[in-house]
Amino acid sequence: MPSAPKWLFDAVDLFISKLPYVVITNVEFISQTVKKIHLNGDFKDLSFPVGCYIDFRVSDTEARRYTVAKADRENGFLEFIVHVHGAGSGSQFMQELKPGDKIKMNKPRTERNYYDRSANRFIVFGDETSLALACSFLPVLKQNNQDFHFYFELDDQNKNAPELLGLENYTTFSKNGSFRNEEWIAELPLFQTADFQKANFVLTGNAKSAQSFRKVAKGKGAQKTYLHGYWLEGKKGL
Ligand SMILES: Cc1cc2nc3c(=O)[nH]c(=O)nc-3n(C[C@H](O)[C@H](O)[C@H](O)COP(=O)(O)OP(=O)(O)OC[C@H]3O[C@@H](n4cnc5c(N)ncnc54)[C@H](O)[C@@H]3O)c2cc1C
């Protein structure tokens, strides 16, 4: 429910159990449009599976989803990586958050089980909105010795964001529409690698790019593809 009348959000808020107030403890601009946000609170009783997200009420009438990039339940610490892309209410809300701010948050949710312990290899695709997802995948994949590669389409100003966030095994591409071109996607070196059909493809970020990627991957025989568009041109929230 990305948009709803204020009375409806207020009514839902009464019934959904919320986290007690959490405090913004640090913010860091990785680039002009990618912001890392640290929060402190009591998260001991919660679980944070890979790719879980939180619905933030970003105004009286709007809610937006953001992925938990890191969670440390022992020390009461959460991290988000947000794309502050413009004048959307989510982007503005995130842009304005500063140390000392207190916010009320919903509990984390997952719609899809992105992570599969039995998979040998993961291909994770997305854009700036998927950097947090990659950060949530990385420690688990390394700990369990699973093969992985991240592919990002990024604005040129964000080319260094994966490195600055400590990501590994990634390839970046300019966000120039290439991921709308199925013939171009089909030529990616990953489709020449052995057994790529057996990899788990997790396709996120811009909905049209992710859809094109999935169409090509499936056409080439990929057996497990998980599609989750995070945003779509001209559409508020997803
Ligand atoms: C499960 C899930 C997890 C997500 N996790 C994250 C995350 O960790 N970090 C993150 O930054 N985003 C994440 N997103 C995406 C984020 O919720 C959307 O980008 C959302 O639309 C932003 O809301 P907004 O109010 O800023 O813009 P909206 O009001 O929703 O949209 C206003 C306009 O901006 C455009 N727009 C929206 N997002 C972008 C963008 N990223 N770049 C360019 N134009 C855009 C829309 O198409 C629309 O035209 C996630 C989405 C989902 C569904």
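Conventions used here
- Residues numbered from 1 in each chain as written.
- Predicted model: local features only at pLDDT ≥ 70, side-chain atom pairs only at ≥ 80, totals over all residues.
- Heavy atoms only, no water.
- Domains from an automatic or database assignment.
- Contact = heavy atoms within 4.5 Å.
- Buried area = accessible area lost by both parts, 1.4 Å probe.
- Salt bridge = Lys/Arg side-chain N within 4 Å of Asp/Glu carboxyl O.
- Polar contact = N/O pair within 3.5 Å; in protein donor to acceptor, adjacent residues only side chain to side chain.
- Helix = DSSP H or I, 4+ residues; strand = E, 2+ residues; numbered from the N terminus.
- Nonpolar A, V, L, I, M, F, W, Y, C, P; charged D, E, K, R; others polar.
- Near = heavy atom within 4 Å.
- Areas by Shrake-Rupley, 256 points an atom, 1.4 Å probe, with all protein chains shown as cover.
- 1 Å grid on protein atoms, 1.4 Å probe; cavity = no way out; pocket = protein on both sides within 12 Å on 5 of 7 lines; lining within 4 Å.
- Sits in = over half its atoms within 2 Å of the grid points.

Peer 1: So what's going on with the domain arrangement of the protein? Residues and values would help.
Peer 2: According to the domain assignment, the protein contains domain 1 (6–103) and domain 2 (121–231). Each of domain 1 and domain 2 was reduced to a C-alpha centroid, and the two centroids are 24 Å apart. Every contact between the two is made by 13 residues of domain 1 and, on the other side, 17 residues of domain 2. Roughly 1300 Å² is buried in total at the junction of domain 1 and domain 2, and carbon and sulfur atoms are behind 67% of that figure. On inspection of domain 1 and its partner domain 2, the count reaches 0 salt bridges. The tally of links between domain 1 and domain 2 comes to 4 residue pairs in polar contact (both at pLDDT 80 or more). At the level of elements, strand E2 (34–40), strand E4 (62–72) and strand E5 (77–83) are the ones that each hand at least two residues to the side of domain 1 that touches domain 2. Its residues assigned to classes, the side of domain 1 that touches domain 2 comprises 6 nonpolar, 6 polar and 1 charged.

Peer 1: Tell me what's going on with the site of the ligand, and back it up with residues and numbers.
Peer 2: Residues in contact with the ligand amount to 25 residues; listed here are only the nearest, Arg 64, His 83, Gly 90, Leu 232 and Gly 237. Here an oxygen atom of the ligand sits 2.7 Å away from a polar atom, N or O, in the main chain of His 83. Between the ligand and the protein, one listed contact pairs an oxygen atom with a backbone N or O atom of Leu 232 at 2.6 Å. Out of a free accessible area of 910 Å², the ligand has 89% covered by protein chains. Judged by its atoms lying within 2 Å of the grid points, the ligand is housed in the largest pocket. Of the residues that constitute the shell around the ligand, the class distribution is 9 nonpolar, 11 polar and 5 charged. Counting residues domain by domain, the shell around the ligand receives three or more from each of domain 1 (6–103) and domain 2 (121–231).

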